Amino acid sequence: MANGRFAPSPSARLHLGNLRTALLAWLFARSTESRFLLRIEDLDPASSRMEHAEAALADFAALGLDHDGVVMWQSERREHHDLALAGLVATGETYPCFCSRKEILADAEAAARAPHAPAFAYVGTCRDLSSGQRAEREAAGRRPTLRVRGEGRRYGFVDAVVGEFEGEIDDFVIRRSDGVPAYNLAVVVDDYAQGVGQVVRGDDLLDTTPRQLFLSELLGLLPPTYAHVPLVLDASGERLAKRHGAVTLADQQTLGRTPADVLSLFAVSLGLADSGEPVRVADLVERFDPASVPRMPWTMPASVIVVQ
Ligand code: GLU
């Protein structure tokens, strides 16, 4: 039994792909009688909207995905993130980086042309600046990000769905130039604080996991285990997105499909129900086997999301 969780970013209404991942996270937890926790990742004030967070919670409830304890709001956790950042600075494994986004992309593109270089990894321009060089850049008004020295270490783990996975760690950002803690830092600190033992999330985040394992180690925190589940694609093979049509639960309701209909659709896509069979989440818990989670993305039938 390991606490599970789902941690949406309220930058838009959740779409059916996000909701199917939430269902899977809930099923992984409930099928082992584990607690299921929610966290709203609203760290970025520029993109987070309260109405999206509230709609996400309402969507979970409508699908029957209950949760334990109070919802954690990441924006309220700043002092904990700052403490972890201070701890990392004290290890001597961090440095301020004054590069602009444009410079980083140009450097990374050049470096990626070298054999075996990971695409878009930070090349380390600010890694060894002298204190004089740092002062010069600060005096010019540049606000630095904070990076941690990954130095190309490799971290591997065994994912419950993907199997063995290994990735290289570049010097990645742990605090943005506006002072907001970066996702990789906050997710590690908050998963630990919530006692999360198993992270189930979309496989678009698989690449971030070696970085998170590295940060857990630097902070002396026991990391969770991971299950990265395949995403949902539209009929043309693109990752599901708002522009593809009726992709939210609310859109589906306007088309006359109830949350129960959407749940049945998800269940069919996971091999947990026959087409058209009405199901309740409790039935799905009985039928769910983590070992049988499909390894391939699910292509959403065009008839579901295209508005005629
Ligand atoms: N908040 C992230 C997202 O919505 C997910 C974070 C995670 O599950 O680790 O993409």
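Here, every reference points to the structure presented above.
If you're wondering where the values come from, they're calculated on a predicted model, not measured in any experiment. (Residues numbered from 1 in each chain as written. Predicted model: local features only at pLDDT ≥ 70, side-chain atom pairs only at ≥ 80, totals over all residues. Heavy atoms only, no water.)

So, about the overall build of the protein. Summing up its helical and strand segments, the protein has 11 helices and 12 strands in all. Rg of the C-alpha trace for the protein: 21 Å, near the compact-globule value of 19 Å for 308 residues, within the 12% margin. Its C-alpha atoms put the protein at 70 × 40 × 40 Å along the principal axes. Burial status across the protein gives 48% buried among its 308 residues. (Helix = DSSP H or I, 4+ residues; strand = E, 2+ residues; numbered from the N terminus. Rg over C-alpha atoms; globule rule 2.2 N^0.38 Å. Buried < 20%, exposed > 50% of the residue type's maximum accessible area, 1.4 Å probe, protein only.)

We now examine the packing of aromatic side chains. Counted by the stated rule, this structure contains six aromatic pairs. Note on Phe 28 and Phe 288: the rings are 5.3 Å apart at their centroids and 65° apart in plane angle, and the pair reads as edge-to-face. Taken together, the residues span a long stretch of sequence, with Phe 28 in helix H1 (residues 16–30) and Phe 288 in the loop between helix H10 (281–287) and strand E12 (298–299) at a distance of 260 residues. These aromatic residues form a ring-pair network of at least three members: Tyr 155, Phe 172 and Phe 214. Positioned above the aromatic ring of Tyr 122 is the side chain of Arg 147, whose terminal nitrogen or guanidinium carbon lies 3.5 Å from the ring centre. (Phe/Tyr/Trp six-rings, centres within 6.5 Å; stacked < 30°, edge-to-face > 60°. Lys NZ or Arg CZ within 6 Å of the ring centre and 35° of its normal.)

Phi is positive for Glu 33, which is not a glycine, with a value near 50°. Among the secondary structure elements, Glu 33 is positioned in the loop between H1 and strand E2 (36–40). Judged by relative accessible area, Glu 33 falls into the exposed class, the value being 69%. In the Ramachandran plot, Glu 151 falls in the positive-phi region, its phi being about 50° despite a non-glycine side chain. When you line up the elements, Glu 151 lands in the loop between strand E5 (145–148) and strand E6 (154–159).

What follows is about the sheet that holds strand E8 (residues 173–175). Reading across from one edge, E4-E5-E8 is the order of the three strands in this open sheet, with antiparallel pairing throughout. With partners counted over all chains shown, the strands left at the sheet margins are strand E4 (94–97) and E8, one partner each. Adjacent strand axes in the sheet meet at a mean angle of 45° when their direction is disregarded. (Pairing = 2+ DSSP bridges. Axes fitted to C-alpha atoms, helices over the stretch in contact; angles between N-to-C directions.)

Attention now moves to the side chain of Asp 170. Relative to the helices and strands, Asp 170 is located in the loop between strand E7 (163–168) and E8. One polar contact links Asp 170 to Arg 211, side chain to side chain, over a distance of 2.8 Å. (Polar contact = N/O pair within 3.5 Å; in protein donor to acceptor, adjacent residues only side chain to side chain.)

The subject of this paragraph is helix H2 (residues 50–63). The terminal C-alpha atoms of H2 lie 20 Å apart, and with 14 residues this matches the ideal 20 Å at 1.5 Å per residue to within 8%. The complete set of buried residues in H2 reads His 52, Ala 53, Ala 55, Ala 56, Asp 59, Phe 60 and Leu 63. Buried residues of H2 fall within an arc of 165° about the axis and therefore sit on the same side. Two residues or fewer past H2, Gly 64 is found with a positive phi of approximately 90°. (Expected span 1.5 Å × (residues − 1). Arc of directions from axis to C-beta.)

Now for the nonpolar core. Counting 47 residues, the largest nonpolar core has Leu 23 and Phe 60 as its most contacted members. At the level of elements, H1, E2, H2, strand E10 (225–229), helix H9 (259–269), H10 and helix H11 (302–305) are the ones that each hand at least two residues to this core. Broken down by element, the residue count for this core peaks at 10 residues, all from H1. If near-sequence neighbours (up to four positions away) are discounted, Phe 60 is found in contact with Phe 6, Pro 8, Leu 14, Leu 19, Ala 22, Leu 38 and Leu 65. Among the nonpolar cores identified, the runner-up in size contains 24 residues, and Leu 37, Leu 88, Phe 165 and Val 199 belong to it. (Core = buried A, V, L, I, M, F, W, Y, C linked by side-chain atoms within 4.5 Å. Contact = heavy atoms within 4.5 Å.)

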